[in-house]
Protein chains: 4
Amino acid sequence: MPMTNLQDRITTSFQAQGLMTTLGAELALVSEGEVHIALPFSERLSQQHGYLHAGAITSILDSACGYAALTKASPGCDVVTAEFKINLLRPALGDRFLAIGRVQNAGRSLTVCTGEVQAFSGTGGTPKVVALMQATIATIRP
Amino acid sequence: MPMTNLQDRITTSFQAQGLMTTLGAELALVSEGEVHIALPFSERLSQQHGYLHAGAITSILDSACGYAALTKASPGCDVVTAEFKINLLRPALGDRFLAIGRVQNAGRSLTVCTGEVQAFSGTGGTPKVVALMQATIATIRP
Amino acid sequence: MPMTNLQDRITTSFQAQGLMTTLGAELALVSEGEVHIALPFSERLSQQHGYLHAGAITSILDSACGYAALTKASPGCDVVTAEFKINLLRPALGDRFLAIGRVQNAGRSLTVCTGEVQAFSGTGGTPKVVALMQATIATIRP
Amino acid sequence: MPMTNLQDRITTSFQAQGLMTTLGAELALVSEGEVHIALPFSERLSQQHGYLHAGAITSILDSACGYAALTKASPGCDVVTAEFKINLLRPALGDRFLAIGRVQNAGRSLTVCTGEVQAFSGTGGTPKVVALMQATIATIRP
């Protein structure tokens, strides 16, 4: 599938995810094998100490990995997350967050992705990696 | 810590999690080594095909495992999720969902929990397990 | 496939695994959805403190989960481990070890298993669980 | 600790791992935050189709990640694997294998590593990545 069609398809799919709207997440980049999703911090997404909840971190990173896998799938195929593992490296403290999903290996029926969530605070400065994921995405043939 | 105090502490902590309110999740059971969190389905929490998003499933199950670990922690200690792995077994289709987190081993600094999310449809009937988690929770000493 | 044929097939496959012979592991039970593999301790399998190496624990538990999945696969299908996650709960100290793999959900293309390794010391007594696994096994169709 | 002392310490520890000798594994590189372990193929380490068994792949990669974490630990501290997750990307077919463990984040009590196993066939040529790991290593203070 040409990349433009793929971007359109992923944008449409992303907008159909009620949870992404509820969280306030936005699709930030779609390229072959890599997808970024951005999320501004909000108290609506906090855990008990006021940081971003691991569930919100996981939600955007799972979606980023799933869509990254979709960029490598055969035309007409869909994808679904079979499983993932995530390490939470430090408190998710920041004004905004960026989830990056990358395809590591695209097999016929399973695609393996890795991903990270970066936290940004204030203006400029180096982001901190707050989470690392390794995910298995299943390809669904029509 | 007596169990009543523990229930109060977990209830207070749960209510301080902005994400749980945003999702519409409710604390359903707190017992020693086991915590349940309930979540009614809403289109606000969907993925692109209209099922419950893996991120919502993961959010309630991570919280259930974390609080289960807290029921086994020494008084004055806090807990934080170090990492978890989740398998999504089937499309998360249902009217309401129940996340169950259980302590499998409580060590001095790390507690290992397993958990599942059950999906309920209509009235009565047997729930279907839609997700399985294995999580590592770190104990934070004061 | 009748269970006797399945036991024969798994026994033959197990004996073809050079690593199981090298480790000294033995197939202890094959039943529908559950397989046990036994391993006596040996210094040949130790880590640096003299306990059983995590690699040996993982090897028998991965095989137990894989064969458990095979008991649920359609006739003529083979299985291969796509991924697993293992928690090592305590030092693997014991005279002999038993890996137990159990099918939790058998899908068309992916089977999810959980498993544990129990450590036995001396005569009698309750075994200690030293490891917990959650694994995804892919079905290979002919 | 100066790097030479660290290399000595890791070499001594590696040689005390009975399993590494049994498998025929060798320590190939120790640098700050990264450790390599090499393993020649042998039928003694095979699974039922004659490829390298996932248990052997996992054993060398777990050790590589553990020792990588040790290069970042405070002097006098020891490390132990708390858990890991591994994806097996393709059949482990090759003459020799190289496990690479890398520290991604070294916290006070937990270090997160990622790793891969590369398969080499014949002379020269690009290796193939056959496995990806994400591991959590606990620091043991004296």
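Residues numbered from 1 in each chain as written. Chains lettered and ligands numbered in written order. Predicted model: local features only at pLDDT ≥ 70, side-chain atom pairs only at ≥ 80, totals over all residues. Heavy atoms only, no water.

Trainee: Let's hear about the overall build of chain A: which residues, and what values?
Mentor: Assigned secondary structure in chain A consists of three helices and six strands. For chain A, the residues scored as buried account for 58% of the 142 residues in total. For chain A, contacts bridging at least 24 residues in sequence account for 62% of all contacts bridging at least 6. Of the roughly 5500 Å² of accessible surface on chain A, 51% is carried by carbon and sulfur atoms. Charged side chains in chain A number 10 positive and 10 negative. The centres of these two groups are separated by 6 Å. (Helix = DSSP H or I, 4+ residues; strand = E, 2+ residues; numbered from the N terminus. Buried < 20%, exposed > 50% of the residue type's maximum accessible area, 1.4 Å probe, protein only. Contact = heavy atoms within 4.5 Å. Areas by Shrake-Rupley, 256 points an atom, 1.4 Å probe, with all protein chains shown as cover. Lys, Arg positive; Asp, Glu negative; His and termini not counted. Charge placed at Lys NZ, Arg CZ, Asp CG, Glu CD.)

Trainee: Can you tell me about the interface of chain D and chain A, naming the residues and giving the values?
Mentor: In this assembly, 14 residues from chain D lie in contact with 14 residues from chain A. Taking both sides of the interface into account, the surface hidden between chain D and chain A amounts to around 1100 Å²; carbon and sulfur atoms contribute 49%. Per-residue buried area on chain D facing chain A is highest for Lys85, Asn105 and Gln134 of chain D; these three make up 46% of the total on that side. Between chain D and chain A we count two salt bridges in total. Among the ionic pairs, lysine 85 of chain A bridges to glutamate 83 of chain D, the shortest N-O distance being 2.7 Å. Across the contact surface, chain D and chain A share ten residue pairs in polar contact (both at pLDDT 80 or more). Elements represented by at least two residues in the side of chain D that touches chain A include exactly β3 (78-88), β4 (96-106), β5 (110-120) and β6 (128-140) of chain D. Grouping the amino acids of the side of chain D that touches chain A by side-chain chemistry returns five nonpolar, six polar and three charged. (Buried area = accessible area lost by both parts, 1.4 Å probe. Salt bridge = Lys/Arg side-chain N within 4 Å of Asp/Glu carboxyl O. Polar contact = N/O pair within 3.5 Å; in protein donor to acceptor, adjacent residues only side chain to side chain. Nonpolar A, V, L, I, M, F, W, Y, C, P; charged D, E, K, R; others polar.)

Trainee: Please set out the packing of aromatic side chains residue by residue, giving values where relevant.
Mentor: All names here are of chain C. On inspection of all chains with the given rule, the structure shows six aromatic pairs over all chains. A centroid spacing of 6.4 Å and a plane angle of 55° characterise the contact between phenylalanine 14 and tyrosine 67, whose relative ring orientation is tilted. Within this pair, whereas phenylalanine 14 is found in helix α1 (residues 3-15), its partner tyrosine 67 is found in helix α3 (residues 54-70), the two being separated by 53 residues in sequence. With respect to burial, phenylalanine 14 and tyrosine 67 carry one shared label: buried. (Phe/Tyr/Trp six-rings, centres within 6.5 Å; stacked < 30°, edge-to-face > 60°.)

Trainee: How would you sum up the relation of the copies chain A and chain B? Please name residues and give values.
Mentor: Take chain A, turn it by 180°, move it 0.0 Å along the axis, and it overlays chain B with an RMSD of 0.0 Å. Interpreted geometrically, this transformation is the action of a two-fold axis. In terms of proximity to the rotation axis, the leading residue of chain A is lysine 85 of chain A, whose C-alpha is 2.0 Å off the axis. (Least-squares fit on C-alpha atoms with pLDDT ≥ 70 in both.)

Trainee: Break down the interface of chain A and chain B for me, citing the residues and quoting the values.
Mentor: A common way to express how large an interface is: the accessible area buried when the components associate. Taken residue by residue, the interface counts 33 residues in chain A and 33 residues in chain B. A combined buried area of about 2400 Å² lies between chain A and chain B, and 51% of that area is made up of carbon and sulfur atoms. Our count for the contact surface shared by chain A and chain B stands at two salt bridges. For the pair chain A and chain B, the interface holds 24 residue pairs in polar contact (both at pLDDT 80 or more). Listed by contribution, the elements that provide at least two residues to the side of chain A that touches chain B are α2 (18-23), α3 (54-70) and β3 (78-88) of chain A. With nine residues, β3 of chain A is the single largest residue contributor to the side of chain A that touches chain B. Here the residues of the side of chain A that touches chain B sort into twelve nonpolar, 15 polar and six charged. Where β3 of chain A meets strand β3 (residues 78-88) of chain B, five bridges bridge the pair, whose relative direction is antiparallel. (Pairing = 2+ DSSP bridges.)

Trainee: Describe in detail the side chain of lysine 85 of chain A, supporting the description with residues and values.
Mentor: The topology assignment puts lysine 85 of chain A in strand β3. On the basis of relative accessible area, lysine 85 of chain A is assigned to the buried category, the value being 0%. A distance of 2.8 Å separates the side chain of lysine 85 of chain A from the side chain of asparagine 87 of chain A, its partner in a polar contact. When neighbours within four sequence positions are excluded, lysine 85 of chain A is seen to be in contact with Leu132, Met133 and Gln134 of chain A, Glu83, Phe84 and Lys85 of chain B together with Glu83, Lys85, Gln134 and Thr136 of chain D.

Trainee: I'd like a description of the relation of the copies chain D and chain A, backed by residues and values.
Mentor: Mapping between the two copies of the chain is achieved by a rotation about an axis and a shift along the axis. When chain D is fitted to chain A, the residual RMSD is 0.0 Å, and the transformation amounts to a turn of 180° plus an axial shift of 0.0 Å. Comparing interface residues between copies, 100% of those in chain D also sit at the interface in chain A, which points to an isologous, same-surface contact.

Trainee: How would you summarise the sheet that holds strand β2 (residues 34-40) of chain D if you had to cite specific residues and measurements?
Mentor: Strands pair in a sheet through their backbones, by hydrogen bonds, and they do so in one of two ways: parallel or antiparallel. Ordered by their spatial adjacency, twelve strands build an open sheet running β1(C)-β2(C)-β4(C)-β5(C)-β6(C)-β3(C)-β3(D)-β6(D)-β5(D)-β4(D)-β2(D)-β1(D), and the pairing between neighbours is antiparallel. Edge strands, defined here as strands with exactly one partner in the open sheet, are β1 (26-31) of chain C together with β1 (26-31) of chain D. Each strand axis lies, on average, 20° off the axis of its neighbour in the sheet, ignoring direction. In this sheet, strand β6 (residues 128-140) of chain C lies alongside strand β5 (residues 110-120) of chain C in antiparallel orientation, the contact comprising ten bridges. Counted as the bridge partner of glutamine 118 of chain C is valine 129 of chain C from β6 of chain C. Along the sheet, α3 of chain C makes contact with β2 (34-40), β3 (78-88), β4 (96-106), β5 and β6 of chain C together with β3 of chain D, crossing β3 of chain C at roughly 135°. (Axes fitted to C-alpha atoms, helices over the stretch in contact; angles between N-to-C directions.)

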